[in-house]
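Reading the structure
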Amino acid sequence: MPSPLNIREDRLLAELAHLATISAHPAPAVTRVLFSPEDLAARAWLVSLASHAGLATRFDAVGNLFITLEGSDPSLPPVATGSHTDAIPNAGAYDGTVGVLGGLEALRSIREAGLTPRRSIELIMFTAEEPTRFGLGCLGSRMLAGALSPEKARALRDPDGRSLEDLRPADCPGDLEEVRLAEGCYHAFVELHIEQGPQLDTAGLDIGLVTHIAAPAAFRLYFTGTGGHAGAVLMKDRHDAFLAAAETALAVERAAIESPSPDTVGTTGVIRISPSAINSIPCEAMMEIDFRDTDLAARDQALARIREDAAAACARRGVSLDWSCINSDPPAVCAKDLLDIAARHADSLGCSRIPMISRAYHDSLFMARLCPTAMLFIPCLNGWSHRPDEYSRPEAITRGTAVLARTLFDLSA
Ligand code: HGY
Ligand code: MN
Ligand code: MN
């Protein structure tokens, strides 16, 4: 390994702080939804940073941004790194951005050390890792991996009925058919990310070497009852759509708690009722469920139980239910040889480390379908994430970036 690749902490922290200001909500909240003015501004700013660093940039048709440090042998599949800069409403400054700006800093540290990697090293800012715009997470990496067809991508609609074609900017040229990459297109992919859980912070550890990424599933449920006057309809005559949904939300919680797997988690994050008037019995309810586990069988067994409980609640209440799947993905297993290389560099930098699983999903979940993939976690305060007080210490970010830089350069040799 060449003389230490110099990570410019001041530059990296200043860029993370600036990116956090590009938000639809005032600090400390960060909101940057796909193809919103804030998202477009963040993309343009990132392109300017990369260009200023002498790195090539290009967007694909779904808006994935590729920033390339050219290698000496362009015939070889590149090494890749990356993450996302989109942010759910009222989120924090570090989810995804550490992997994008840390990745950029890693590429600059190699270039500024006067080194030319044999394999090119590509930083990818993935489009829409968060599901906020279209209800589907990892839109960009799904399409790269062929896990979402161009037809299905075209059929996506946001809450205002707008499509991907309506929203994608002019600098995302080409057809969606050109987005998919071939297996083996990359030699390896490594993503740096905050843990979004308390394990590293609580234990005072520096680096998490992610061995598995949990299998996310999401569903949209429409409940239809009969509604009516809140005063005139007696309780025995009601078919309350919201209460059927409420029973289902409790069934989600129960199935996750009673699952034999400790990693089963279930959340009802969205509920909308209609007509939503204080003196009118809800005739319709829409809810969205997020359900995950690293163990696919345990997840799907718990989901089957929820479906049974929901059907029973609807039968008792005379409410109909339409259950649609948004996504149901398998877990990913990270590449042990990549993790071993990262472990070696963590050790050489005096970083404490631990193997762990990722309960959050990431673009690595789909990159693992294209090439050997690994994730590096750094601690975030109390494990807080997806909230404005999300925080990762400067030394944690710098250490993680230094391990990433060395790992990428090692893999590019
Ligand atoms: O929900 C997730 O796991 C990711 O943060 N989008
Ligand atoms: Mn997130
Ligand atoms: Mn993330």
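**Side note on the packing of aromatic side chains**
- Within the structure shown, the criterion is met by three aromatic pairs.
- Ring geometry for Y94 versus Y391: centroids 5.9 Å apart, planes at 90°, classification edge-to-face. Of this pair, Y94 sits in the loop between β5 (87-91) and α3 (97-112) while Y391 sits in the loop between β15 (373-378) and α12 (394-411), and the two are 297 residues apart along the sequence.
- Looking at Y94, the relative accessible area reads 16%, which means it is buried.
- The cationic tip of R58 hangs over the ring face of F66; the distance from NZ or CZ to the ring centre is 4.0 Å.

**Here we look at the site of ligand 1**
- Near ligand 1 the following residues occur: E129, E130, Q196, R292, A360, Y361 and H386.
- In this structure, E129 approaches ligand 1 through a side-chain N or O atom, which is 3.1 Å from a nitrogen atom.
- Between ligand 1 and R292 there is a distance of 2.6 Å, counted from an oxygen atom to a side-chain nitrogen or oxygen.
- Here ligand 1 has 210 Å² of accessible area as a free molecule, and 93% of this is covered by the chains.

**Side note on the side chain of T97**
- Structurally, T97 can be placed in helix α3.
- By relative accessible area, which is 2% here, T97 ends up buried.
- Only 3.3 Å separates the side chain of T97 from the backbone oxygen of Y94, close enough to count as a polar contact.
- With sequence-adjacent residues up to four places away left out, T97 is seen in contact with L16, L19, R32, H84, T85 and G102.

**So, the coordination of the manganese ion (ligand 3)**
- The coordination sphere of the manganese ion (ligand 3), as far as protein atoms go, consists of H84 (NE2), D95 (OD) and H193 (NE2), spread over 2.1 to 2.3 Å.
- Site description for the manganese ion (ligand 3): donor spacing in sequence, H-x10-D-x97-H.
- In this structure, the manganese ion (ligand 3) lies 3.6 Å away from the manganese ion (ligand 2), the two metals sharing D95 as a donor. Linking H84 in the loop between β4 (79-83) and β5 with D95 in the loop between β5 and α3, this pair joins segments that are eleven residues apart in sequence.
- The class of H84 is buried, set by a relative accessible area of 0%.

**A word on the coordination of the manganese ion (ligand 2)**
- Coordination of the manganese ion (ligand 2) by the protein comes from D95 (OD), E130 (OE) and H386 (NE2), over a distance range of 2.0 to 2.1 Å.
- In terms of primary sequence, the donors binding the manganese ion (ligand 2) are separated according to D-x34-E-x255-H.

**A short note on the pattern of salt bridges**
- Scanning the entire structure with this criterion turns up 28 salt bridges.
- The partner of R353 in a salt bridge is D347, with the nearest N and O atoms 2.6 Å apart.

**Comments concerning the domain arrangement of the protein**
- When the domains of the protein are assigned, the result is domain 1 (9-214 + 331-412) and domain 2 (216-328).
- On the domain 2 side, the residues contacting the ten residues of domain 1 number nine residues.
- The contact between domain 1 and domain 2 buries some 920 Å² in all, and 63% of this surface belongs to carbon and sulfur atoms.
- For domain 1, the biggest contributors to the area lost against domain 2 are A214, P331 and R359; these three give 45% of the whole.
- Joining domain 1 to domain 2, the criterion identifies one salt bridge.
- In this structure, D263 engages R359 in a salt bridge whose closest nitrogen and oxygen atoms are separated by 2.5 Å.
- Along the lines of polarity and charge, the residues of the side of domain 1 that touches domain 2 split into seven nonpolar, one polar and two charged.

**Details of the nonpolar core**
- If you look at the biggest cluster of nonpolar residues, it comprises 103 residues, and the most contacted ones within it are L101 and L139.
- The biggest single contributor to this core is α12, with eight residues.
- Setting aside residues up to four positions removed in sequence, L101 forms contacts with L12, E15, L16, L19, W45, L46 and L49.
- With 20 residues, the next largest nonpolar core counts A217, A285, L303 and I306 among its residues.

Conventions adopted
Residues numbered from 1 in each chain as written. Chains lettered and ligands numbered in written order. Predicted model: local features only at pLDDT ≥ 70, side-chain atom pairs only at ≥ 80, totals over all residues. Heavy atoms only, no water. Phe/Tyr/Trp six-rings, centres within 6.5 Å; stacked < 30°, edge-to-face > 60°. Helix = DSSP H or I, 4+ residues; strand = E, 2+ residues; numbered from the N terminus. Buried < 20%, exposed > 50% of the residue type's maximum accessible area, 1.4 Å probe, protein only. Lys NZ or Arg CZ within 6 Å of the ring centre and 35° of its normal. Near = heavy atom within 4 Å. Polar contact = N/O pair within 3.5 Å; in protein donor to acceptor, adjacent residues only side chain to side chain. Areas by Shrake-Rupley, 256 points an atom, 1.4 Å probe, with all protein chains shown as cover. Contact = heavy atoms within 4.5 Å. Donors = N, O, S within 2.8 Å, 3.2 Å for Na, K, Ca; no water. Salt bridge = Lys/Arg side-chain N within 4 Å of Asp/Glu carboxyl O. Domains from an automatic or database assignment. Buried area = accessible area lost by both parts, 1.4 Å probe. Nonpolar A, V, L, I, M, F, W, Y, C, P; charged D, E, K, R; others polar. Core = buried A, V, L, I, M, F, W, Y, C linked by side-chain atoms within 4.5 Å.

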